Amino acid sequence: MPSIPTLREQSQRWLSAARPRTLPLAVTPVLGALLLALADTGGIAMLTALATLLAAAGIQVGTNLHNDAADFERGTDNGERLGPPRASAQGWFTSAQVKRAAHIAFLTSFVLGLLLVVRGGWPILLLGLAAITAGYAYTGGPKPIAYGPYGELYVLCFFGIAAVAGSYYLQTLTLSAGAISLGIALGLPAAAVLLLNNYRDFDTDRAAGRRTLCHVLGRPAARKVYAGLLLAPIALILLGGLPGWTWPVLLALPMALGLIRRLDGSEGRALNDLLARTAQYQMLLVGLYGVGLLLGWLLGWLWG
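Residues numbered from 1 in each chain as written. Predicted model: local features only at pLDDT ≥ 70, side-chain atom pairs only at ≥ 80, totals over all residues. Heavy atoms only, no water.

1. A few points about the overall build of the protein
The number of helices and strands found in the protein is 13 helices and zero strands. Each helix (α) and strand (β) of the protein, taken in turn from the N terminus, gives the series α-α-α-α-α-α-α-α-α-α-α-α-α. Since a compact globule built from 304 residues should have a radius of gyration of about 19 Å, the 20 Å found for the protein is in line with a globular shape. Taken over 304 residues, the protein has a buried fraction of 48%. Considering only contacts within the protein whose residues lie at least 6 apart along the sequence, 75% involve residues at least 24 apart. Of the roughly 14400 Å² that the protein leaves accessible, carbon and sulfur atoms contribute 68%. Seen as two clouds, the 22 positive and the 14 negative side-chain charges of the protein have centres 2 Å apart. (Helix = DSSP H or I, 4+ residues; strand = E, 2+ residues; numbered from the N terminus. Rg over C-alpha atoms; globule rule 2.2 N^0.38 Å. Buried < 20%, exposed > 50% of the residue type's maximum accessible area, 1.4 Å probe, protein only. Contact = heavy atoms within 4.5 Å. Areas by Shrake-Rupley, 256 points an atom, 1.4 Å probe, with all protein chains shown as cover. Lys, Arg positive; Asp, Glu negative; His and termini not counted. Charge placed at Lys NZ, Arg CZ, Asp CG, Glu CD.)

2. Thoughts on helix 6 (residues 122-137)
Taking 1.5 Å of rise per residue, 16 residues should cover 22 Å, and helix 6 covers 22 Å from first to last C-alpha, within 8% of that figure. Taken together, the buried positions of helix 6 are Ile124, Ala131, Ile132, Ala134 and Gly135. End-on, the buried residues of helix 6 take up no more than an arc of 160 degrees, which puts them together on one face. Along helix 6, exposed side chains directed more than 90 degrees from the buried face belong to Trp122 and Thr133. Against helix 3 (46-74), helix 5 (95-120) and helix 7 (151-172) lie the buried residues of helix 6. (Expected span 1.5 Å × (residues − 1). Arc of directions from axis to C-beta.)

3. With respect to unusual backbone geometry
Positive phi, normally seen in glycine, also occurs at Arg19, with a value near 55 degrees. Mapping Arg19 onto the fold places it in the loop between helix 1 (7-18) and helix 2 (23-41). The phi dihedral of Leu173 falls on the positive side, at around 60 degrees, and the residue is not glycine. Along the chain, Leu173 turns up in the loop between helix 7 and helix 8 (177-200).

4. Re the environment of Asp68
Note that Asp68 resides in helix 3. The sequence separation of Asp68 and Val98 amounts to 30 residues, and the corresponding C-alpha distance is 7.4 Å. A distance of 2.7 Å separates a polar atom in the side chain of Asp68 from a polar atom in the side chain of Ser88. (Polar contact = N/O pair within 3.5 Å; in protein donor to acceptor, adjacent residues only side chain to side chain.)

5. Quick notes on the confidence of the model for the protein
Chain-level pLDDT for the protein is 88 on average; 95% of the residues reach the 70-or-more range. Highest mean pLDDT in the protein belongs to helix 11 (residues 219-239) (95); lowest belongs to helix 4 (residues 87-90) (78). (pLDDT = per-residue confidence, 0-100.)

6. Description of helix 11
Its 21 residues place the ends of helix 11 30 Å apart at the C-alpha level, agreeing with the 30 Å of an ideal helix rising 1.5 Å per residue. Of all the bends found along helix 11, the most pronounced is centred on Leu231 and spans about 25 degrees, while Pro233, a proline, follows it within four residues. Among the residues of helix 11, those classed as buried are Ala222, Tyr226, Ala227, Leu229, Leu230, Pro233, Ile234 and Ile237. (Bend = angle between axes of the 7 residues up to and from the residue.)

7. With respect to a nonpolar patch on the surface
On the surface, a nonpolar cluster with roughly 640 Å² of combined accessible area is contributed by Leu238, Leu239, Trp245, Trp247, Leu250, Val291 and Leu295. Taken together, the elements giving at least two residues each to the nonpolar patch come down to helix 11 and helix 13 (271-303). Relative to the assigned elements, Trp247 resides in the loop between helix 11 and helix 12 (253-264). The partly exposed category is assigned to Trp247, whose relative accessible area is 44%. (Patch = residues over 30% accessible without salt bridge, like charges linked within 9 Å, V, L, I, M, F, W, Y side chains within 5 Å. Salt bridge = Lys/Arg side-chain N within 4 Å of Asp/Glu carboxyl O.)

8. Some remarks on the nonpolar core
Core analysis: the biggest nonpolar cluster contains 58 residues, and Tyr226, Ile237 and Tyr281 have the highest contact counts within it. Of all the elements in the fold, those that place two or more residues in this core are helix 2, helix 3, helix 7, helix 8, helix 10 (213-217), helix 11, helix 12 and helix 13. Looking at which element gives the most residues to this core, the answer is helix 8, with 13 residues. When residues no more than four places from it in sequence are discounted, the contact partners of Ile237 are Leu182, Ala185, Leu242, Thr246, Val249, Leu285 and Tyr289. One finds Ala87, Phe93, Val98 and Ala101 within the second-largest nonpolar core, a separate group that totals 11 residues. (Core = buried A, V, L, I, M, F, W, Y, C linked by side-chain atoms within 4.5 Å.)

9. Describing the packing of helix 1 against helix 3
Running from N to C, helix 1 and helix 3 point in directions that differ by 100 degrees, and their axes come no closer than 8 Å. By the angle between their axes, helix 1 is roughly perpendicular relative to helix 3. When helix 1 is examined against helix 3, the residues Trp14, Ala17 and Ala18 are found in contact with a partner set consisting of Val61, Asn64 and Leu65. Tallied by class, the residues present in the contact of helix 1 with helix 3 amount to five nonpolar, one polar and no charged. (Axes fitted to C-alpha atoms, helices over the stretch in contact; angles between N-to-C directions. Parallel < 35°, antiparallel > 145°, perpendicular 65-115°, else oblique. Nonpolar A, V, L, I, M, F, W, Y, C, P; charged D, E, K, R; others polar.)

10. Re the packing of aromatic side chains
Tallied over the full model, the rule gives four aromatic pairs. Seen from their ring centres, Trp245 and Trp247 are 6.3 Å apart, and the 40 degrees between their planes marks the pair as tilted. When its relative accessible area of 32% is taken as the criterion, Trp245 is described as partly exposed. Pairwise contacts between aromatic rings join Tyr154, Phe158 and Phe159 into one cluster. (Phe/Tyr/Trp six-rings, centres within 6.5 Å; stacked < 30°, edge-to-face > 60°.)

Following this line, the structure appears as structure tokens:
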């Protein structure tokens with residue numbers, strides 16, 4: 001008779017199911033938008049910023065949980081899975097329990113979104129509803145996004161452009177070309193994370209009937225796309241008309257080149273570490289842009 005898990009074990013399993021390591025992909029674009037808004041306006045609406053960060057995290061967690069349950073029900077997650085363990089597949093919780101948790105996460109984001117609508121109006125309402133709907137549609141419905149070749153485009157749109165532009169709009173109540181450029185720049189490495197995930201699961205996904213971008217392109221071409229997704233953001237930040245000093249992002253180039261080289265010789269579970277490093281690369285881009293802004297402000301203060 002299997003032992004009953006303790007409360008601590010249950011908590012650890014729910015935490016694992018939420019996949020906290022993916023949260024930077026939701027939070028980093030918001031932080032980038034806040035830096036951009038600070039550079040453009042000289043201030044930040046702190047309560048709005050906090051609600052935006054929490055809502056973005058809730059959508060990410062909800063998407064993760066719904067993905068966990070839906071992939072298990074479709075038979076995609078099985079004993080041959082190369083990625084981290086999934087709650088439904090491991091039998092920690094039933095898929096119905098995991099879906100219920102996903103609904104709670106999405107509902108939390110929806111409530112936070114209603115607070116943000118008070119500030120941003122109907123554009124934020126539409127954006128929030130679209131993000132939550134897309135979170136369900138990623139692995140739900142008759143034609144899940146994750147099972148076709150448009151997953152990377154979905155990530156670019158919602159975890160890049162929409163996240164940055166929406167967060168920037170909530171701070172400034174305007175949009176700018178710089179917000180769109182930064183949104184694309186941060187969405188590309190997020191798309192690279194998904195591409196890498198599908199690259200790792202190439203064989204098991206094909207057996208499960210998934211036809212991702214990696215299957216359409218083939219692994220050699222997918223490696224080239226991955227390289228482009230990492231290198232293009234540096235050019236976009238340098239040339240995208242962003243305020244402040246952007247040259248510090250050049251310091252991210254060695255990491256990008258290192259990740260590209262590693263992909264050429266990695267496979268299977270060895271790609272899990274590369275996935276984490278790719279997410280960290282997105283964070284590095286935002287951090288270096290922030291360093292450029294800080295240096296510009298400090299020198300302006302010293303010279304002024």
